[in-house]
Amino acid sequence: MASITGNTPAEAVFERVLPNALVVKSNELFALARKSSLWTLSFGLACCAIEMIDAHMSHHDLDRFGVVTWPSPRQADVMIVAGTVVKKMGEPIKRLYEQMPDPKWVIAMGSCATNGGPYYRSYSVVMGVDHLIPVDVYVPGCPPRPEALLYGVMELQKKISQDAKKRTLPQPLQRKPTPS
Amino acid sequence: MSDERVSNVPEKPKAEAPVRPAHRKEPEAPTAPVALDERGTALSELLPKAFSRFEVEYGAAMDEVVAKVKPADVAEVCRTAKEDGRLSFDYLRSISVVDYVERLEVNYHLFSMDKRHKMVIKASVPHDSPSVPTVSGVWRGADWYEREGHDLFGVVFEGHPDMRPLLLYEGFEGHPGRKSFPFHEYDEW
Amino acid sequence: MMLNMGPQHPSTHGVFRLVLWLEGERIVRAEPHIGYLHRGSEKLCEREDYTQIITLFDRLDYVANLNCELAFCMAAEKLMALEVPERAWYIRTILCELNRIASHMLFYGVYGLDVGAMTPVLYGFRERERVILLFEAVTGARMMHNYIRVGGVKEDLPDDFGKRMTVLIDELKRGIDECDALLTNSELFLERTKGVGTIDGPTAVDYGVTGPMLRAAGVKEDVRISEPYGIYDRFDFGIPVGTHGDCWDRYYVRVEEMRQSLSIIEQAMSQMEAGPITAKVRRIARPPRGEAYLRTESPRGDFGVFLVSDGGDKPYRVKVRAPSFANLQSITHLLRDAYIADAVVILGSTDIILGEVDR
């Protein structure tokens, strides 16, 4: 043991190291790292924002999933669109989405972000944020309970690792084009 | 089949409202009675003296004293209401615009903090030239209410320093508050 | 230099855009832009009947839902001249005061976060969670309750409500004292909020400011005292009034209001008796023709509803007078001599909710 200096034969090093080493595919390793520390862009628009804040607080802690809310889009991974998307807000949402670096995901929280919600007859509401940006996970509810948002985050984590196993880059859901 | 249609679900015919037989007439809706309390009655006696130089039509709606004025007099009437010592309406509760089909009505809801009485000043304007002088010089809080009235109903408040849209985006066509603006009927296919 | 505190900002309490012109660190001019949450609720109200509108009103001030529902239902009841039974009034009052505590706890937590303290938000939301769980037991939902109806309330309280309330009142008393001890007299908090963003009484009334902001400026005005509605004249409670009209006063008025709300709840619990919970009214209300304006005291101020009815089951026009709309107008006055670092503190102290500003 004490004589191992300088030109150590390769096998001896490996015998020492191997019981404590893991062999894993790089895709899956990166997916594990990404899903375990999802930084969300703090983007609460309306009422769902209150339940989103509640999900970060002590009663239903999102921090134990590694989820931290971060104000700047340049360092965020996930955008949780929580609340009604109004036409006046469409341009800022698109710009924020484009400012987020890859890989990025979007969770549409609440029925307003999913398909317009209780305001579906309104003249100024976009019927769902997926008309503007691609969405990965939809969390229904008005507002969804914090446990529902936790489940949505867990589903996103599953999606990230499944996408890595398929050896494809993280892809958002493909949406068929709607008549505008 | 035209090429513009994206979905191939056939369009459902829109359901029509059931036609009521002619002999079954709906009864006329009742009107809410006037119920002024003593502050209201005292105020309704005071108002004709305070507004003696204007042409005002007095009335009451539930427990509010109503004063209908001509649109051009609105700013002067409001200034008198605020500065007159007997009235002292220093708190503008709200400015609301209601679209009755043949006219637009601008309501100024006033309240007095020390005298604790309240009233409504109404001004009716036609649809094609709805213009009322601004009261943002009388109460600073009238600023955004007037911008909102202009945005949603098209009422022009003359003399207002900044008539940019407040609630709608720049370039929105039409005035959504009016009854003639259609609802967005969203079909869920 | 122009700085845009854009619609997405961690401290603007929602989608609010504040464009600031700076000279060094001083704010020379401030221009607020709203409308990023304008959902057209008032127009939608003309298309929905009275019971459906309650769900729309829930979402206006989404932190104090029951107060908004109460305002609308009271406006419809005023038009119909309806007598709401006693027990319904007691239930409404208790729940609305609990909602006031929950709303002020949210303000407390988020204001601590604005100033830079990370702990108050956890304490504030812990207390708020207790109230929300009680709401879930009573109304069935954590936030959008849809519980207060025209003529009364939707269903009676659960059987263990008395026991739960006794436990909750104790917990809230200790919680409010704990939150108070944590932030109120802290050196850093005092440095950041004392003397910042002052407004005096007459200017505040001119801007139409109401609620804790107005009371902090020294004007003793509360809708529950000046135009009492419901059964508030049976309770003995105080109105906290500030002296300087700065951010600290606005904060402390709200902390004291929480204590006064607890005292109202205790008195109401001791006075409440069994009885019917709703008046004899049609399932979908049909008020007579006319118009009514009704003011209530929501946690943010004077929440008014102007209801014009043409006798049908859908209103002709509903206008919502939101307190945060008027309070936010005064932001240009409040920011007149401030540093850029104070802008966040001042904006937080106005306690706006964009849902009711934009409607």
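So, here's what we can say about the structure.

## A word on the overall build of chain A
Summing up its helical and strand segments, chain A has 6 helices and 5 strands in all. Taken from N to C terminus, the helices and strands of chain A fall in the order α-α-β-α-β-β-α-β-α-β-α. Within chain A, the fraction of its 180 residues that count as buried is 47%. For chain A, contacts bridging at least 24 residues in sequence account for 77% of all contacts bridging at least 6.

## Here's the deal with the packing of aromatic side chains
What the rule picks out here adds up to 23 aromatic pairs over all chains. Judged by centre distance (6.3 Å) and plane angle (70 degrees), the rings of B:F51 and B:F54 are edge-to-face. Taken together, a centroid distance of 4.9 Å and an interplanar angle of 70 degrees make the contact between C:F189 and C:Y251 edge-to-face. Pair noted here: C:F189 is in helix 7 (residues 187-193) and C:Y251 is in helix 11 (residues 247-271), with a separation of 62 residues, a long-range link. Taken individually, C:F189 and C:Y251 each receive the classification buried, so the pair is uniform in this respect. Aromatic rings pair up to connect C:F107, C:Y108, C:Y111, C:F189 and C:Y251 into one cluster.

## Here's the deal with the sheet that holds strand 1 (residues 39-41) of chain A
Residues and elements named next belong to chain A. Pairing in this open sheet of 5 strands is parallel, and the strands run 2-1-3-4-5 from one edge to the other. One side of each edge strand has no neighbouring strand; the edge strands of this open sheet are strand 2 (68-70) and strand 5 (137-139). Taking the axes of each pair of neighbouring strands and ignoring which way they run, one obtains an average angle of 30 degrees across the sheet. In terms of strand pairing, strand 1 meets strand 3 (residues 78-82) through 2 bridges, oriented parallel. Among the inter-strand pairings, T40 is bridged to a residue of strand 3, identified as V78. Set on the sheet, helix 3 (residues 48-56) makes contact with strand 1, strand 2, strand 3 and strand 4 (105-109); between it and strand 3 the angle comes to about 135 degrees.

## Some details on the nonpolar core
With 202 residues, the main nonpolar core has A:M79, B:Y108, C:F57 and C:L98 as its most contacted residues. Here this core gets 17 residues from one element, more than from any other, and that element is helix 4 (residues 86-115) of chain C. When residues no more than four places from it in sequence are discounted, the contact partners of C:L98 are C:V131, C:L134, C:F135, C:M165, C:L168, C:L172 and C:I265.

## Structural notes on the interface of chain C and chain B
Of the residues lining the interface, 48 residues belong to chain C; the matching set on chain B comes to 50 residues. Of the roughly 4200 Å² buried at the junction of chain C and chain B (both faces included), carbon and sulfur atoms supply 54%. On inspection of chain C and its partner chain B, the count reaches 9 salt bridges. With a closest N to O distance of 2.9 Å, B:K118 and C:E227 form a salt bridge. Our enumeration of links across chain C and chain B arrives at 21 residue pairs in polar contact (both at pLDDT 80 or more). Looking at the side of chain C that touches chain B residue by residue, the classes come out as 18 nonpolar, 10 polar and 20 charged.

## With respect to a nonpolar patch on the surface
A grouping of A:V24, A:L29, A:F30 and A:L32 is seen on the molecular surface, where their side chains present a nonpolar patch of about 360 Å² in accessible area. As for its placement among the helices and strands, A:L29 is situated in helix 2 (residues 26-36).

## Things to note about the pairing of strand 4 (residues 103-111) of chain B
Residues and elements named next belong to chain B. Counted residue by residue, strand 4 has 8 buried out of 9 residues, so it is predominantly covered. Two strands pair when backbone bridges link them, and strand 3 (residues 91-100) and strand 4 are joined in this way by 9 bridges, in the antiparallel orientation. Of the residues in strand 4, the one forming a bridge with I95 is Y108. Linking two consecutive strands that pair antiparallel, namely strand 3 and strand 4, is a turn of 2 residues. Here strand 4 pairs with strand 5 (residues 118-125) via 8 bridges, running antiparallel. By the bridge assignment, L110 is partnered in strand 5 with M119. Counted between consecutive antiparallel strands, the loop separating strand 4 from strand 5 contains 6 residues, among which R116 sits at a positive phi close to 60 degrees.

## What to know about the packing of helix 3 of chain A against helix 6 (residues 146-165) of chain A
Residue and element names in this part refer to chain A. Running from N to C, helix 3 and helix 6 cross one another at 75 degrees; their axes reach a closest spacing of 9 Å. The angle between helix 3 and helix 6 falls in the class roughly perpendicular. Two secondary-structure elements touch here, helix 3 through E51, M52, D54 and A55 and helix 6 through P146, L149 and L150. Looking at the contact of helix 3 with helix 6 residue by residue, the class counts come to 5 nonpolar, no polar and 2 charged.

## Details of the sheet that holds strand 5 of chain B
Residues and elements named next belong to chain B. With mixed pairing, the 5 strands of this open sheet are ordered in space as 1-2-5-4-3. In this open sheet, the two strands that pair with only one neighbour each are strand 1 (56-61) and strand 3. In this sheet, adjacent strand axes meet at a mean angle of 25 degrees when their direction is disregarded. With respect to the sheet, helix 3 (residues 142-153) is in contact with strand 3 and strand 4, its orientation differing from that of strand 3 by roughly 10 degrees.

How each quantity is defined
Residues numbered from 1 in each chain as written. Chains lettered and ligands numbered in written order. Predicted model: local features only at pLDDT ≥ 70, side-chain atom pairs only at ≥ 80, totals over all residues. Heavy atoms only, no water. Helix = DSSP H or I, 4+ residues; strand = E, 2+ residues; numbered from the N terminus. Buried < 20%, exposed > 50% of the residue type's maximum accessible area, 1.4 Å probe, protein only. Contact = heavy atoms within 4.5 Å. Phe/Tyr/Trp six-rings, centres within 6.5 Å; stacked < 30°, edge-to-face > 60°. Pairing = 2+ DSSP bridges. Axes fitted to C-alpha atoms, helices over the stretch in contact; angles between N-to-C directions. Core = buried A, V, L, I, M, F, W, Y, C linked by side-chain atoms within 4.5 Å. Buried area = accessible area lost by both parts, 1.4 Å probe. Salt bridge = Lys/Arg side-chain N within 4 Å of Asp/Glu carboxyl O. Polar contact = N/O pair within 3.5 Å; in protein donor to acceptor, adjacent residues only side chain to side chain. Nonpolar A, V, L, I, M, F, W, Y, C, P; charged D, E, K, R; others polar. Patch = residues over 30% accessible without salt bridge, like charges linked within 9 Å, V, L, I, M, F, W, Y side chains within 5 Å. Areas by Shrake-Rupley, 256 points an atom, 1.4 Å probe, with all protein chains shown as cover. Parallel < 35°, antiparallel > 145°, perpendicular 65-115°, else oblique.

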